[in-house]
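Here is what each chain is made of, one letter per residue.
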Amino acid sequence: MRKPEPRLQRKLLAWLLGPLAVLLVLDTGAAYWNSLRFSNLAYDRALYEIGREIVLHVKLDGMQPRLDLSEAAGNILLLDQEDLLFYRVASEDGKALGGDAEMPPPRGGDPAKPRFYRDAMRGEPVRMLVAWMPIGGNPEAPMVLVQVAETLHKRTRLAWEMVANVVVPQLLLIVMATAVVWFGISRGLEPLQRLRRAVSDRSHLDLSPIDTHDVPGEVRPLVDEVNELMARLGRTFDFQNRFVADAAHQLKTPVSGLKAQIELALRENDAERVRHSLAQLYISADRLSRLVRQLLSLARNEPGALDAMQLQPLDLNAYALEVSMDWVPQAIKRDIDLGFEGAEHPLVINADRDRLRELINNLIDNAVRYSQPGGRVTVQVGRSDHDQCRLAISDDGPSVPVEERARIFERFHRLLGTQEDGSGLGLAIVSEIATLHGARITLEEDIDGVGNTFSVFFPLRAA
Ligand SMILES: Nc1ncnc2c1ncn2[C@@H]1O[C@H](COP(=O)(O)OP(=O)(O)OP(=O)(O)O)[C@@H](O)[C@H]1O
Ligand SMILES: [Mg+2]
């Protein structure tokens, strides 16, 4: 079997690491921005110092300022290992006094204060200082405009170094947290793995409850439900097994009877006696086929058959009369007075026609069969309540003893000493069909103390 993926574990981890990763990115951005600010603060001071140094080389020629800075001295001033530096000095009237002619013109802002900003020089980004400074550093002297620009290499490097100092430990922390969390979740999910193994190692016949003593509280209700389901399945299996065993047992006797009768008939030479044996065989085969039909009917009307029911509105009054009429020839044959007492109005219920016919047939069959010849059987239909109607079949034969009244509805149960043919399935079928219709059955003695009244109470169909 393929090992199922620990989805829960991955999910939990993704939920933890996803937000952490986003936080880390945001944090890195913020750290970079901050570091760059500090790095600029530090290096801008140096840039300003260079500006002041350059102004010291501006001399006054009468009223005219003049920059007196040799190339060699300038190079020393602008010497830097990492970055390129540029400068430009201009007089108050805007005349260039020296430096780089390609220097971009100063941008707006307060001319009284030195300004630092980002600009570009020959296509490369630079940090720019623009400041008005007095000639020769003398506060009384006229002012000149000094610009010093520097490429950004060391500033960016310093900023990244500072970011790394902050972010690398954080990254390590996250990696460690991931490992710890992964381990923790694995440990936490171990009982679930054990549970899975316990279920997968089981035989399909083993329906005993799963041990819940080390099942985590969160999954316990689920396991309890599964145990409950298995218990129900177990009961169903037991029931089915018993039924199959009973059915086989019940079929065995008539089949052996049939065989014996056939053997007997085979030994006969007299045509008339063979004919008689065949007639007996026919009766036995008929009984057997009824038994098989009843077994099928029981299987068909299991409590789970509700979905297969074809419920439709049906007038119980008219339908019970129709079914009873079929029994008239049989009743006459047994000298039974079969009567019908219907209601005045139709009583509409939701019913499956075929199943309802089977229910009525079985009850009338019993009443006709178990009463004495010359007896009386009555089918009654009436309203019993504002939302119920009652179908009753009463006879005046021997009453079923009180202690047997519940048991005769069980499968294969017959009263001791019952002479008539039968397999004890009729009332079990009746009871199943009644349940499928939401109906309730009672069995009472007749009012005069003899005979039986089987009543079935059906819910009336809402108007
Ligand atoms: N109206 C009745 N009067 C007296 N006894 C009855 C009556 N109905 C049922 N019984 C008793 O209850 C037993 C069970 O009835 P049920 O209809 O389940 O089985 P059966 O009639 O014996 O066989 P089957 O109906 O399967 O042919 C019967 O054997 C009989 O002893
Ligand atoms: Mg019966």
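Residues numbered from 1 in each chain as written. Chains lettered and ligands numbered in written order. Predicted model: local features only at pLDDT ≥ 70, side-chain atom pairs only at ≥ 80, totals over all residues. Heavy atoms only, no water.

Student: What should I look at first to understand the overall build of the protein in this one?
Tutor: Secondary structure assignment for the protein yields 9 helices and 14 strands. A compact globule built from 463 residues should have a C-alpha radius of gyration of about 23 Å, whereas the protein, at 53 Å, is more than 25% larger. Based on the C-alpha atoms only, the size of the protein along its principal axes is roughly 160 × 55 × 45 Å. The buried share of the protein, taken over its 463 residues, is 36%. Summed over its atoms, the accessible surface of the protein is roughly 28300 Å², and 58% of this surface lies on carbon and sulfur atoms. Positive and negative side-chain charges of the protein, numbering 54 and 64 respectively, have mean locations separated by a distance of 4 Å. (Helix = DSSP H or I, 4+ residues; strand = E, 2+ residues; numbered from the N terminus. Rg over C-alpha atoms; globule rule 2.2 N^0.38 Å. Buried < 20%, exposed > 50% of the residue type's maximum accessible area, 1.4 Å probe, protein only. Areas by Shrake-Rupley, 256 points an atom, 1.4 Å probe, with all protein chains shown as cover. Lys, Arg positive; Asp, Glu negative; His and termini not counted. Charge placed at Lys NZ, Arg CZ, Asp CG, Glu CD.)

Student: Before we go on, may I ask you to explain the packing of helix H5 (residues 271-300) against helix H9 (residues 426-436) in this structure?
Tutor: When two helices pack together, you describe them by how their axes are tilted relative to each other and by the distance separating the axes. Orientation of H5 relative to H9, taken along the N-to-C sense of each, is 25 degrees, at an axis distance of 10 Å. Relative to H9, the element H5 is oriented roughly parallel. Here H5 runs over H9; the crossing is left-handed. On H9, the residues touching Gln 294, Ser 297 and Leu 298 of H5 are Gly 426, Ala 428, Ile 429 and Glu 432. (Axes fitted to C-alpha atoms, helices over the stretch in contact; angles between N-to-C directions. Parallel < 35°, antiparallel > 145°, perpendicular 65-115°, else oblique. Left-handed = near helix turned anticlockwise from the far one by under 90°. Contact = heavy atoms within 4.5 Å.)

Student: It is not clear to me how the site of ligand 1 should be interpreted in this structure. Could you clarify?
Tutor: Neighbouring ligand 1 are 22 residues, the closest being Arg 290, Asn 366, Tyr 370, Arg 414 and Leu 427. Note that an oxygen atom of ligand 1 is positioned 2.4 Å from one of the side-chain N or O atoms of Arg 290. One of the side-chain nitrogen or oxygen atoms of Arg 414 is found 2.6 Å away from an oxygen atom of ligand 1. About the coverage of ligand 1: the protein hides 98% of its 590 Å² of free accessible area. Elements with a minimum of two residues in the shell around ligand 1: H5, helix H8 (353-370), H9 and strand E14 (452-459). A per-element tally of the shell around ligand 1 places H8 first, with 4 residues. Split into classes, the residues belonging to the shell around ligand 1 amount to 9 nonpolar, 9 polar and 4 charged. (Near = heavy atom within 4 Å. Polar contact = N/O pair within 3.5 Å; in protein donor to acceptor, adjacent residues only side chain to side chain. Nonpolar A, V, L, I, M, F, W, Y, C, P; charged D, E, K, R; others polar.)

Student: What is the right way to look at the UniProt feature "domain: HAMP" (unreviewed entry) in the protein in this model?
Tutor: In this numbering, the UniProt entry assigns the feature "domain: HAMP" (unreviewed entry) to residues 186-238. Between the end C-alpha atoms of residues 186-238 there is a gap of 40 Å, over a span that is 64% helix and 0% strand. (UniProt positions renumbered as here; feature names shortened; annotations may be inferred.)

Student: Which parts of the structure should I look at to understand the domain arrangement of the protein?
Tutor: In many analyses, interface size is given as the accessible surface area lost on bringing the parts together. Split by domain assignment, the protein resolves into domain 1 (7-160), domain 2 (220-300) and domain 3 (310-459). In this structure, domain 1 and domain 3 have C-alpha centres spaced 109 Å apart. (Domains from an automatic or database assignment.)

Student: Which parts of the structure should I look at to understand the packing of aromatic side chains?
Tutor: Centre-to-centre distance and the angle between the planes together describe a pair of aromatic rings. For the coordinates displayed, the defined rule picks out 3 aromatic pairs. Across from the ring centre of Phe 457, 4.4 Å away, lies the NZ or CZ of Arg 440, which sits over that ring. (Phe/Tyr/Trp six-rings, centres within 6.5 Å; stacked < 30°, edge-to-face > 60°. Lys NZ or Arg CZ within 6 Å of the ring centre and 35° of its normal.)

Student: Help me out: how do you make sense of the sheet that holds strand E6 (residues 124-134) in this one?
Tutor: Sheet strands pair via backbone hydrogen bonds, and the direction of the pair is either parallel or antiparallel. Strand order in the open sheet made by the 5 strands is E4-E3-E7-E6-E5, with antiparallel pairing throughout. Edge positions in the sheet fall to strand E4 (96-99) and strand E5 (115-121), since each has one partner strand and no second. Neighbour-to-neighbour, the strand axes of this sheet turn through a mean angle of 25 degrees, independent of strand direction. As judged from the 9 bridges shared by E6 and strand E7 (residues 143-151), these two strands associate in the antiparallel manner. Across the sheet, the residue bridging to Leu 129 is Val 148, located in E7. (Pairing = 2+ DSSP bridges.)

Student: It is not clear to me how the sheet that holds strand E9 (residues 337-341) should be interpreted in this structure. Could you clarify?
Tutor: With respect to topology, 5 strands assemble into an open sheet ordered E9-E11-E12-E14-E13, the strand pairing being mixed. With one partner strand each, in any of the chains shown, E9 and strand E13 (440-445) form the two edges of the open sheet. The sheet shows a mean angle of 15 degrees between the axes of neighbouring strands, direction not considered. Two strands pair when backbone bridges link them, and E9 and strand E11 (residues 376-383) are joined in this way by 5 bridges, in the parallel orientation.

Student: Sorry, what's going on with the pairing of strand E10 (residues 348-351) here?
Tutor: Side-chain positions along a regular strand alternate between the two faces of the sheet. Going residue by residue along E10, you find Ile 349 and Ala 351 tucked away on one face and Val 348 and Asn 350 left uncovered on the opposite face. Note: strand E8 (residues 312-315) against E10, 4 bridges, orientation antiparallel. Looking at E10, one finds that Gln 312 is bridged to Ala 351.

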